[in-house]
Amino acid sequence: MSSFTTRLTRLWGIDKPIVSAPMAGRAGGELARAVSLAGGLGTFGVSASASPEWITEQAAIARQGGVYGIGLMLWAMEKNPELGEQQWKAVLDARPSVVSLGFGDSTRYVEEAHDHGISVVQPVNTIAQLRTALAAEADAITVQGTDAGGHTGRLGTTPWMQIALDYMEIHAPAIPVAVAGGIGSGRGVASVLAAGADAAWVGTAFLASPECLGGEELQKASVNARSTDAVLTDIYDIAEQQAWDTETWPTRTIRNSFVDAYAELRERGEVSDDELIAARAPGGDYADELKLHAGQGVSLLRSRMPAGKVVDMLHDDAMHFLERMRTRLG
């Protein structure tokens, strides 16, 4: 089936306008490799505590798929500058095709990435973040809506996409845009391409793939989860003592006993940080509760499927819907 050529497929040398999100803790080199081999852009995510050796190891795996990307969390690099510099050096040495610089200001990193021949994409959740990314001279923008899993913004994907694409058309028409948040089917991919985006940025749709980190139990839980269970809360960040700015980037996670016990109490200010930490600590009441961060498209996950087949399904279905739309309009 013919593909949909966009500015991002040309910029990154990929066949299909589909990017797997760099989900820290879930997307490693194996997932990136599988997605890239299927014609998309596979990426892996670097957690706040990831060692430079881990980055090097995962990059060696991802590179087997051809083009690939690495995702970094800027706030974490700034919080721990020594480790952050080591992570950044490991990324530069790995020479990925693309680096995603999320959750912060990428200005100090963009020029050095370019000097190493690495394209920079910046995920954004607000107009202010978008302006900062453009001022930093990022090569591409990912517009991420709150429908996304894990750390995300507060604007819904569809309205935020429209706001951002309108802004880009006026202020930065040459810069390509990917859209993220709740895209889990060919219809979703087709919808963002039809709206003028250059790629779909997809995370949750890969959570049940065997190449995803986390093991079989999390893959099965992903298939069984419902979209209505995907809620915003910061209790995991507090319990795990992660210094996220959760007013800006709350976490969308799947409800479980821990979330049901504490999320509303946290919203009302009726539970302390120490109580949350104790609840998840070894021996705590919720220490063994399975944590699954996923987006509102999680109900679209109906079976465990290899990542390459996910890419093929998303792409082929999207091309079908776009062709059907063209026929109707013609």
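Residues numbered from 1 in each chain as written. Predicted model: local features only at pLDDT ≥ 70, side-chain atom pairs only at ≥ 80, totals over all residues. Heavy atoms only, no water.

An unreviewed UniProt entry lists the protein under the name Nitronate monooxygenase, with Corynebacterium zhongnanshanii given as the organism.

Enquirer: Account for the packing of helix α3 (residues 52–62) against helix α5 (residues 81–94), with residues named and values stated.
Expert: For any two helices packed against each other, the geometry is given by the interaxial angle and the distance between the axes. In the contact formed by α3 and α5, the axes pass within 8 Å of each other and the chain directions differ by 20 degrees. Between α3 and α5, the crossing angle belongs to the class labelled roughly parallel. Judged by the twist between their axes, the crossing of α3 over α5 is right-handed. Contacts between α3 and α5 involve Pro52, Ile55, Thr56 and Ala59 from the first element and Leu83, Gln86, Gln87, Ala90, Val91 and Ala94 from the second. Split into classes, the residues belonging to the contact of α3 with α5 amount to 7 nonpolar, 3 polar and no charged. (Axes fitted to C-alpha atoms, helices over the stretch in contact; angles between N-to-C directions. Helix = DSSP H or I, 4+ residues; strand = E, 2+ residues; numbered from the N terminus. Parallel < 35°, antiparallel > 145°, perpendicular 65-115°, else oblique. Left-handed = near helix turned anticlockwise from the far one by under 90°. Contact = heavy atoms within 4.5 Å. Nonpolar A, V, L, I, M, F, W, Y, C, P; charged D, E, K, R; others polar.)

Enquirer: Let's hear about the sheet that holds strand β10 (residues 230–233): which residues, and what values?
Expert: With antiparallel pairing, the 3 strands of this open sheet are ordered in space as β7-β11-β10. The open sheet has two edge strands with one neighbour each: β7 (150–151) and β10. Bridge count for β7 against strand β11 (residues 251–254) is 2 bridges, and the pairing is antiparallel. When the sheet's bridge partners are listed, Gly150 is paired in β11 with Arg252. (Pairing = 2+ DSSP bridges.)

Enquirer: Would you mind going over the nonpolar core in detail, with residue names and values included?
Expert: Residues Trp12, Leu31, Leu130, Val202, Phe206 and Leu292 are the most contacted members of the largest nonpolar core, which totals 65 residues. Contact partners of Val202, with chain neighbours within four places excluded, come to Ile18, Val19, Ser20, Ala21, Ile183 and Leu314. Listed in part, the 26 residues of the second largest apolar core include Ala59, Tyr68, Leu74 and Met77. (Core = buried A, V, L, I, M, F, W, Y, C linked by side-chain atoms within 4.5 Å. Buried < 20%, exposed > 50% of the residue type's maximum accessible area, 1.4 Å probe, protein only.)

Enquirer: Any details on the packing of helix α12 (residues 257–267) against helix α13 (residues 273–280)? Residues and values, ideally.
Expert: Between α12 and α13, the shortest axis-to-axis distance is 12 Å and the interhelical angle comes to 170 degrees. Here α12 lies roughly antiparallel to α13, going by the angle between them. Each of Phe258, Tyr262 and Arg266 in α12 lies in contact with α13, whose residues at this interface are Asp273, Leu276, Ala279 and Arg280. The class makeup of the residues in the contact of α12 with α13 is 4 nonpolar, no polar and 3 charged.

Enquirer: I'd love a proper account of helix α2 (residues 29–37), names of residues and values included.
Expert: For α2, the set of buried residues is Gly29, Leu31, Ala32, Ala34, Val35 and Ser36. Buried residues in α2 make contact with β1 (18–20), β2 (42–45), α3, β3 (68–73) and α14 (307–329). A positive backbone phi angle near 110 degrees is found at Gly39, which sits one or two residues after α2.

Enquirer: Please set out the packing of aromatic side chains residue by residue, giving values where relevant.
Expert: Under the criterion given, the structure shown has 11 aromatic pairs. On the basis of an interplanar angle of 55 degrees and a centroid distance of 5.0 Å, the ring pair of Trp75 and Trp244 is categorised as tilted. With a gap of 169 residues between them, Trp75 in helix α4 (residues 74–79) and Trp244 in the loop between α11 (235–239) and β11 connect regions that are remote in the sequence. Trp244 shares its class with Trp75; the two are buried. Measuring from centroid to centroid gives 5.8 Å for Tyr262 and Tyr286, while their planes differ by 80 degrees, and the two rings are edge-to-face. One end of the pair, Tyr262, is in helix α12; the other, Tyr286, is in the loop between α13 and α14, and 24 residues separate them in sequence. Classification of Tyr262 by relative accessible area gives buried; the value is 15%. Each member of the aromatic cluster is reached from another via a ring pair, and the members are Trp75, Phe103, Trp244 and Trp249. Against the face of Phe258 rests Arg280, its NZ or CZ located 5.7 Å from the ring centre. (Phe/Tyr/Trp six-rings, centres within 6.5 Å; stacked < 30°, edge-to-face > 60°. Lys NZ or Arg CZ within 6 Å of the ring centre and 35° of its normal.)

Enquirer: Which residues make up the side chain of Ser20, and what values go with them?
Expert: Summarising the element assignment, Ser20 is placed in strand β1. Dropping the residues within four chain positions of it, Ser20 is found in contact with Val35, Leu41, Gly42, Thr43, Val202 and Phe206.

Enquirer: Which residues make up the pairing of strand β9 (residues 199–202), and what values do they have?
Expert: Burial along β9 is two-sided: the face carrying Ala199 and Trp201 and the face carrying Ala200 and Val202 are both buried. Pairing geometry for β1 and β9, over 3 bridges, is parallel. Each bridged residue has a counterpart across the sheet, and for Val19 the counterpart in β9 is Trp201. In this sheet, β9 lies alongside strand β8 (residues 177–180) in parallel orientation, the contact comprising 3 bridges. Its bridge partner being in β9, Val179 is matched across the sheet by Ala200. Crossover connection from β8 via helix α9 (residues 186–195) to parallel β9: handedness right-handed. (Right-handed = clockwise from strand over helix to strand, strands pointing away.)

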